[in-house]
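# Descriptive analysis of the structure
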Amino acid sequence: QVQLVESGGGLVQTGGSLRLSCAHSGRTFSTYTMGWFRQAPGKEREFVAVISWNGGSTYYADSVKGRFTISRDNAKNTVYLQMNSLKPEDTAVYYCAADTTFSLQKYDYWGQGTQVTVSS
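Notes on the structure in this doc start here. Since the model is a prediction, treat every value here as computed from it, not as a measurement. Throughout, residues of each chain are indexed from 1 in the direction in which the sequence is written. This being a predicted model, a pLDDT of at least 70 is required before a residue's local features are given, and a value of 80 or more before pairs of side-chain atoms are given or counted; all residues contribute to the totals for chains, interfaces and linings. Only hydrogens and water are set aside; all other atoms, that is, all heavy atoms of the structure, feed into the side-chain values.

Attention shifts here to the sheet that holds strand β1 (residues 4–7). Strand order in the open sheet formed by four strands is β1-β3-β8-β7, with antiparallel pairing between adjacent strands. On the outer flanks of this sheet lie β1 and β7 (68–73), each paired with one strand and no other. In this sheet, adjacent strand axes meet at a mean angle of 15 degrees when their direction is disregarded. Strands pair, by our definition, only if DSSP identifies at least two bridges between them. Secondary structure follows DSSP: runs of H or I at least 4 residues long count as helices, runs of E at least 2 residues long count as strands, and numbering of each begins at the N terminus. Where β1 meets strand β3 (residues 18–24), four bridges bridge the pair, whose relative direction is antiparallel. If you follow S7 over to β3, its bridge partner there is S21. Throughout, an axis means a line fitted to C-alpha atoms (over the contacting stretch in the case of helices), and angles, computed between N-to-C directions, take values from 0 to 180 degrees.

Note on terminology: disulfide denotes any pair of cysteine sulfur atoms within 2.5 Å. Within the structure shown, the criterion is met by one disulfide. Through a disulfide, C22 is tied to C96; the S-S separation comes to 1.9 Å. Disulfide C22-C96: torsion about the S-S bond near 45 degrees, hence right-handed. Linking C22 in strand β3 with C96 in strand β9 (residues 92–99), this pair joins segments that are 74 residues apart in sequence. Neither C22 nor C96 differs from the other in exposure class; each is buried. Each residue is assigned to one of three classes by its accessible area relative to the maximum for its type, calculated with a 1.4 Å probe on protein chains only: buried under 20%, partly exposed between the two thresholds, exposed over 50%.

Looking down a regular strand, the side chains alternate between one sheet face and the other. Along strand β8 (residues 78–83), five of the six residues are buried, which leaves the element largely enclosed by surrounding structure. Of the pairings in the sheet, the one linking β3 to β8 comprises six bridges and is antiparallel in character. Among the inter-strand pairings, A23 is bridged to a residue of β8, identified as T78. Judged from the six bridges that link them, β7 and β8 form a sheet pairing that is antiparallel. Residue pairing for β8: S71 is matched across the bridge by Y80.

See below:
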């Protein structure tokens, strides 16, 4: 059983930065593709970024490309999402997810989410 715990959310002004972290409880973290998703109030959950098991492949939603960076530290069982140049439309609950395949949609394990609020 895999457990994911996000942290690092908070309130930030437009143009500011935050770094989200997601800790993976399993011993096989390095075999999992890790993704970040977000859900704004009244909207469906949407894909943000994904990173392959070894960090060799990443992919971003167009809305965050050039501003967000996903990375991972397999020694620490942690995936990160560095968010720069934040905009009010980035306000959402951010979730990390894990799966054994590289995917933009299908994930077997999800965290509980962390709130990010960007004030204008």
